[in-house]
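Residue-level structural notes
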Amino acid sequence: MRPLPAAEPALPLGTGELGDWPDRAEEAGFPGGATLLLYTDGLSEARDRRGEFYDPAARPAGRSFREPGALLATLAAEVRRHAGGGTTDDMALLALRRP
């Protein structure tokens, strides 16, 4: 698992009216068998009792998931446990696998 960092920072989706630069797109390889995970800050900013954030890149690293739904179910369950049973922010997850 590896993150796909943006070459240049930008505003979050849906907040383009707050900036004065044009939107842009970047490309990355997406080989067969790979899974792309998209998520909102409700996942990456979920905190435990000590205030530590959930790390969506490190936590599932080294594991294999047979299908995108299994990855999503695992992440949702882990972030609930990490946050002590619930979170204070909404969370949206989308996983796509390329055949």
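One can find the structure itself at the top, above this paragraph.
The rules behind the values
- Residues numbered from 1 in each chain as written.
- Predicted model: local features only at pLDDT ≥ 70, side-chain atom pairs only at ≥ 80, totals over all residues.
- Heavy atoms only, no water.
- 1 Å grid on protein atoms, 1.4 Å probe; cavity = no way out; pocket = protein on both sides within 12 Å on 5 of 7 lines; lining within 4 Å.
- Points joined across faces, edges and corners; volume = space filled by probe spheres on them.
- Helix = DSSP H or I, 4+ residues; strand = E, 2+ residues; numbered from the N terminus.
- Nonpolar A, V, L, I, M, F, W, Y, C, P; charged D, E, K, R; others polar.
- Buried < 20%, exposed > 50% of the residue type's maximum accessible area, 1.4 Å probe, protein only.
- Contact = heavy atoms within 4.5 Å.
- Patch = residues over 30% accessible without salt bridge, like charges linked within 9 Å, V, L, I, M, F, W, Y side chains within 5 Å.
- Areas by Shrake-Rupley, 256 points an atom, 1.4 Å probe, with all protein chains shown as cover.
- Salt bridge = Lys/Arg side-chain N within 4 Å of Asp/Glu carboxyl O.
- Lys, Arg positive; Asp, Glu negative; His and termini not counted.
- Charge placed at Lys NZ, Arg CZ, Asp CG, Glu CD.

All right, on to the layout of surface pockets then. There is about 1700 Å³ of room inside the largest pocket. Forming the walls of the largest pocket are 44 residues, and the residues nearest its centre are Leu4, Pro5, Leu36, Leu37 and Leu38. For the lining of the largest pocket, the leading source of residues is strand β1 (residues 35-39), giving five residues. Its residues placed into classes, the lining of the largest pocket shows 26 nonpolar, nine polar and nine charged.

What follows deals with the environment of Ala25. Mapping Ala25 onto the fold places it in the segment before β1. Along the primary structure Ala25 and Ala6 are separated by 19 residues, whereas in three dimensions their C-alpha atoms are 9.4 Å apart.

Quick look at the side chain of Glu78 now. Note on placement: Glu78 falls in helix α2 (residues 68-82). Given the relative accessible area of 8%, Glu78 is considered buried. When residues no more than four places from it in sequence are discounted, the contact partners of Glu78 are Tyr54, Arg59 and Arg63.

Time to look at a negative patch on the surface. A contiguous patch of negative charge, built from Asp41, Glu45, Asp89 and Asp90, is present on the exposed surface. Taking relative accessible area as the criterion, Asp41 reaches 37% and is therefore assigned partly exposed.

Without other data, these values stay purely geometric and don't point to any function.
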